[in-house]
Amino acid sequence: MSTNSHLPDPAASDDQADTPTARRCVARIEEYDDAPDVCTLYPADATPLELPTTWISAKEGSYVSLEEMR
């Protein structure tokens, strides 16, 4: 099993990046040989106390790329 973390690009900018409520997320992909891969998203700046309750995971096949939906 390998793990890939996709950290946000600090040079990337969007309209909401400067708002007080905007948060960048990290996508971590757990790859499995005998089961679907799992992508977990969580805030890049989550504290150790926040992290256990501020994430969401989805199995491969239940999510699509943003480019496919555009």
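Residues numbered from 1 in each chain as written. Predicted model: local features only at pLDDT ≥ 70, side-chain atom pairs only at ≥ 80, totals over all residues. Heavy atoms only, no water.

1. Remarks on the overall build of the protein chain
- Broken down by element type, the protein chain carries 1 helix and 4 strands.
- Overall, the protein chain shows an N-to-C arrangement of helices and strands of β-β-β-β-α.
- Out of the 70 residues in the protein chain, the part that is buried amounts to 14%.
- Of the contacts made within the protein chain by residues no fewer than 6 positions apart, 21% connect residues no fewer than 24 positions apart. (Helix = DSSP H or I, 4+ residues; strand = E, 2+ residues; numbered from the N terminus. Buried < 20%, exposed > 50% of the residue type's maximum accessible area, 1.4 Å probe, protein only. Contact = heavy atoms within 4.5 Å.)

2. Comments concerning the side chain of Glu30
- Positionally, Glu30 belongs in strand S2 (residues 25–30).
- Take Glu30: its relative accessible area is 16%, and that puts it in the buried class.
- Among the polar contacts made by the side chain of Glu30, one reaches the side chain of Arg28 at a distance of 2.9 Å. (Polar contact = N/O pair within 3.5 Å; in protein donor to acceptor, adjacent residues only side chain to side chain.)

3. Considering the environment of Thr53
- By secondary structure assignment, the location of Thr53 is in the loop between strand S3 (38–43) and strand S4 (56–59).
- Relative accessible area serves as the criterion here: at 67%, Thr53 is assigned to the exposed category.
- Between the alpha carbons of Thr53 and Tyr42 there is a distance of 9.3 Å; along the sequence they are 11 residues apart.

4. Focus: the confidence of the model for the protein chain
- Mean pLDDT over the protein chain stands at 80; residues scoring 70 or higher make up 71%.
- Between the elements of the protein chain, mean pLDDT differs from a low of 56, seen in strand S1 (residues 3–6), to a high of 93, seen in S3. (pLDDT = per-residue confidence, 0-100.)

5. Description of the pattern of salt bridges
- Under the defined criterion, the tally for this structure stands at 4 salt bridges.
- A salt bridge links Arg23 to Glu50, with the nearest nitrogen and oxygen atoms 3.4 Å apart. Taken together, the residues span a long stretch of sequence, with Arg23 in the loop between S1 and S2 and Glu50 in the loop between S3 and S4 at a distance of 27 residues.
- The exposure class assigned to Arg23 is partly exposed, which follows from its relative accessible area of 40%.
- According to the relative accessible area criterion, Glu50 is partly exposed, its value standing at 30%.
- The partner of Glu30 in a salt bridge is Arg28, with the nearest N and O atoms 2.9 Å apart.
- A network of salt bridges, in which partner residues are shared, links Arg23, Asp45 and Glu50. (Salt bridge = Lys/Arg side-chain N within 4 Å of Asp/Glu carboxyl O.)

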